[in-house]
Amino acid sequence: MKSNISIQQTYPFERYEPLIQKTISFRHVSMEEDVERLHLWMHEKHVIPFWNLNISFENYTAHLQRFLQDDHQTLLIGELGGVPMSYWESYWVKDDIIGTRYPFGEYDQGIHLLIGPKEFLGKGFIYPMLLTILYKKFQVVETNQIIAEPDIRNEKMIHVFKKCGFQPVKEVELPDKTGLLMICERKVFERRWTDWQTNKF
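Residues numbered from 1 in each chain as written. Predicted model: local features only at pLDDT ≥ 70, side-chain atom pairs only at ≥ 80, totals over all residues. Heavy atoms only, no water.

Whenever I open this one, the pattern of salt bridges confuses me. Can you help?
In a structure, side chains of opposite charge can pair up when their charged atoms sit close to one another. Applying the stated rule across the entire model yields 9 salt bridges. With its nearest N and O atoms 2.9 Å apart, the salt bridge here joins arginine 15 to glutamate 17. We note that arginine 15, like glutamate 17, is buried. With a closest N to O distance of 3.5 Å, glutamate 33 and arginine 27 form a salt bridge. Put simply, Arg27, Glu33, Asp34, Arg37 and Glu79 are held in one network by salt bridges that share partners. (Salt bridge = Lys/Arg side-chain N within 4 Å of Asp/Glu carboxyl O. Buried < 20%, exposed > 50% of the residue type's maximum accessible area, 1.4 Å probe, protein only.)

Next up, the structure:
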């Protein structure tokens, strides 16, 4: 079963999104290609309060190396039209601390994300990108729900998750924040995906 999951979660992955007339793509984070970019993004004013990784380049490099070696998660760069503009952490709940906070399913997945460059904020790009990564993650046929746990102060991100099909469950205390546990069930996502494709979103 693990081999099937591995195959279905391969990257890069891309699709053309007609509604924004751009190709959305996701690829693996590369230490050589992305560490400086990600370190810069972590120092953006809109990122700092919710990621707390505005640290030295040396310390961030060590952090990224550690995360890349953690096989319960996959680190991704999201691109629009070939331009890197977002960072994503896709993970298996059963091997994550959030798995101690609710009765998870064996194949539950989770997601963290941020938009880096300021010029991509406030333009609605986050919706097709989040829906696309959810579409990719639900290709694991055993996965019936995907979770998020945004900082309870991050009202904009909570709104984005809700609009894409996530339902609030409860507040959860995590080592680095108080998060809002949110769950997106497969059937709910499929309705959101159809609504998006038919321009009823």
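Once you've had a look at it, read on.
How should the confidence of the model for the protein chain be read in this particular structure?
Any residue range with low pLDDT should be treated as having predicted coordinates unsuitable for detailed reading. Overall, the predicted model of the protein chain reaches an average pLDDT of 93, with 96% of residues at or above 70. Note on residues 1–7: pLDDT under 50 across the span, and 6 contacts to partners over four residues away in sequence or across chains. (pLDDT = per-residue confidence, 0-100. Contact = heavy atoms within 4.5 Å.)

Looking at this model, I keep getting lost on the packing of aromatic side chains. Mind explaining?
Counted under the stated rule, the structure contains 9 aromatic pairs. Summarising the aromatic geometry, the rings of tyrosine 102 and phenylalanine 104 are spaced 6.4 Å apart at their centres and angled 70° between planes, so their arrangement reads as edge-to-face. The exposure class of tyrosine 102 is buried, given its relative accessible area of 9%. Owing to a relative accessible area of 32%, phenylalanine 104 belongs among the partly exposed residues under this scheme. Judged by centre distance (4.9 Å) and plane angle (70°), the ring pair of phenylalanine 161 and phenylalanine 166 falls under edge-to-face. In this pair, the class of phenylalanine 161 matches that of phenylalanine 166, namely buried. An aromatic cluster of three or more residues is present, and its members are Phe13, Tyr135, Phe138, Phe189 and Trp193. One residue, lysine 136, lies across the ring of tyrosine 11, its end atom 5.1 Å from the ring centre. Of note, lysine 163 hangs over the ring of tyrosine 127, and the distance from its end group to the ring centre comes to 4.7 Å. (Phe/Tyr/Trp six-rings, centres within 6.5 Å; stacked < 30°, edge-to-face > 60°. Lys NZ or Arg CZ within 6 Å of the ring centre and 35° of its normal.)

Can you help me understand the side chain of lysine 137 in this one?
Its place among the elements puts lysine 137 in helix α5 (residues 126–137). Although lysine 137 lies buried, it forms no salt bridge, and the closest oppositely charged side chain, aspartate 108, sits 10 Å away as judged by the N-O distance. At a separation of 2.6 Å, a polar atom in the side chain of lysine 137 contacts the side chain of serine 90. Within polar-contact distance, the side chain of lysine 137 engages the backbone oxygen of glycine 110 at 3.2 Å. (Helix = DSSP H or I, 4+ residues; strand = E, 2+ residues; numbered from the N terminus. Lys, Arg positive; Asp, Glu negative; His and termini not counted. Polar contact = N/O pair within 3.5 Å; in protein donor to acceptor, adjacent residues only side chain to side chain.)

What am I meant to see in helix α4 (residues 57–68) here?
Think of an α-helix as turning once every 3.6 residues; residues three or four places apart then point the same way. Between its terminal C-alpha atoms α4 stretches 16 Å, which fits the 16 Å expected from 12 residues at 1.5 Å a residue. Residues Tyr60, Thr61, His63 and Leu64 constitute the buried set of α4. The arc that holds the buried residues of α4, viewed along the axis, is 160°, so those residues lie on one side. On its buried side, α4 packs onto α2 (31–41) and β3 (73–80). (Expected span 1.5 Å × (residues − 1). Arc of directions from axis to C-beta.)

Please explain the sheet that holds strand β2 (residues 22–28) as it appears in this structure.
Within a beta sheet, neighbouring strands are joined by backbone hydrogen bonds and run either parallel or antiparallel to one another. Taken in spatial order, the 8 strands make up an open sheet running β1-β2-β3-β4-β5-β6-β8-β7, and their pairing is mixed. On the outer flanks of this sheet lie β1 (13–17) and β7 (167–174), each paired with one strand and no other. Across the sheet, the mean angle separating the axes of adjacent strands is 25° when strand polarity is ignored. Packing against the sheet, helix α6 (residues 155–163) makes contact with β5 (109–115), β6 (145–148), β7 and β8 (177–185), and its axis sits at approximately 10° to β8. (Pairing = 2+ DSSP bridges. Axes fitted to C-alpha atoms, helices over the stretch in contact; angles between N-to-C directions.)

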